[in-house]
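Coordinate analysis (summary)
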Amino acid sequence: FMPVSRDPSFVRIGLEGRFVDAFGDRFRTHYVTEFEGGPTLALRLGPRIDFRLAFHGVVSDFIDFSPADDSLSTINRDRVGQRALLSFLFHFDELVLSADASFFRDDTDGDAFDMIGGTVGSRVFFWPSPGLSLYGGAAMSLREIGPVGDTATGPAAFRTEFRVAIDAGVRFALLPPVDLVVENRYRTVLARTNHGFSYNVGSLGLEVAW
């Protein structure tokens, strides 16, 4: 973040970015390469309350299990998308609570995976000692996917999903500005009959912040 007023903590603007390269089956299957990022605005609303607003763009290239880029298909998952993210953060000494909301839209090369929806959730961050932080949170999202097949069928061409996400993790400071991050993510999806599922993902990574 960069301050834009005399008080460096009152108004700040910044740029966020994320790169994801996902593999499965012990690195034998390459699933997707993705870039996400955009501008962020942070405001201090009071001695213990911050407000953040971010607008992100997303570009995803699915490798396996998606048709080749040069082939025309309704199930191609390569996509571009937009994200709008809003957060209120409440500070209590070593503890921070956040209330979050987001809006997202994806435009895929194949219409079957076009998506629009929104999310609400809350997170907690705790610093028990210098260089160590714990965090966790839960969120709910509702999204509409499609159209699948002929749009003349109206609402029957679209799919609606309700998702619940639960995250927990720990961050260790290694060398400024590098942190080691260990995280677990649980997701459950409620869709039409016989199309709901759940999954759990553990991850280990390095995070750099300036």
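Our subject in this report is the structure included herewith. Model, not experiment: these values are computed from the prediction.

Some points on the overall build of the protein chain
Of the regular secondary structure elements, the protein chain holds zero helices and 11 strands. The N-to-C order of helical and strand elements in the protein chain reads β-β-β-β-β-β-β-β-β-β-β. The principal-axis extent of the C-alpha atoms belonging to the protein chain is close to 55 × 40 × 35 Å. A fraction of 46% describes how many contacts in the protein chain between residues 6 or more apart in sequence connect residues 24 or more apart. Entry remark: accessible area of the protein chain is about 13300 Å², with carbon and sulfur atoms responsible for 64%.

Focus: the packing of aromatic side chains
Scanning the entire structure with this criterion turns up five aromatic pairs. Measuring from ring centre to ring centre gives 5.0 Å for phenylalanine 19 and phenylalanine 35, while their planes differ by 40°; the resulting arrangement is tilted. Linking phenylalanine 19 in strand β2 (residues 11-24) with phenylalanine 35 in strand β3 (residues 29-46), this pair joins segments that are 16 residues apart in sequence. Among the residues examined, phenylalanine 35 registers a relative accessible area of 48% and is labelled partly exposed. Summarising the aromatic geometry, the rings of phenylalanine 23 and phenylalanine 27 are spaced 5.7 Å apart at their centres and angled 45° between planes, so their arrangement reads as tilted. Look at phenylalanine 27 and you get exposed, because its relative accessible area is 68%.

Topic: the pattern of salt bridges
Under the criterion given, the structure shown has 12 salt bridges. A salt bridge links aspartate 167 to arginine 187; the nearest nitrogen and oxygen atoms lie 2.7 Å apart. With a gap of 20 residues between them, aspartate 167 in strand β9 (residues 159-175) and arginine 187 in strand β10 (residues 178-190) connect regions that are remote in the sequence. A salt bridge links arginine 171 to aspartate 179; the nearest nitrogen and oxygen atoms lie 3.7 Å apart. The exposure class assigned to arginine 171 is buried, which follows from its relative accessible area of 18%. Put simply, Arg18, Glu34, Glu36, Arg79, Arg83 and Asp106 are held in one network by salt bridges that share partners.

Comments concerning a nonpolar patch on the surface
On the surface, a cluster of nonpolar side chains totalling about 590 Å² of accessible area is made up of Leu45, Ile49, Leu86, Phe88, Phe90, Phe92, Leu97 and Val124. No other element matches the four residues that strand β5 (residues 79-92) contributes to the nonpolar patch.

Calculation rules
Residues numbered from 1 in each chain as written. Predicted model: local features only at pLDDT ≥ 70, side-chain atom pairs only at ≥ 80, totals over all residues. Heavy atoms only, no water. Helix = DSSP H or I, 4+ residues; strand = E, 2+ residues; numbered from the N terminus. Contact = heavy atoms within 4.5 Å. Areas by Shrake-Rupley, 256 points an atom, 1.4 Å probe, with all protein chains shown as cover. Phe/Tyr/Trp six-rings, centres within 6.5 Å; stacked < 30°, edge-to-face > 60°. Buried < 20%, exposed > 50% of the residue type's maximum accessible area, 1.4 Å probe, protein only. Salt bridge = Lys/Arg side-chain N within 4 Å of Asp/Glu carboxyl O. Patch = residues over 30% accessible without salt bridge, like charges linked within 9 Å, V, L, I, M, F, W, Y side chains within 5 Å.

No statement about biological role is implied by the geometric values presented.
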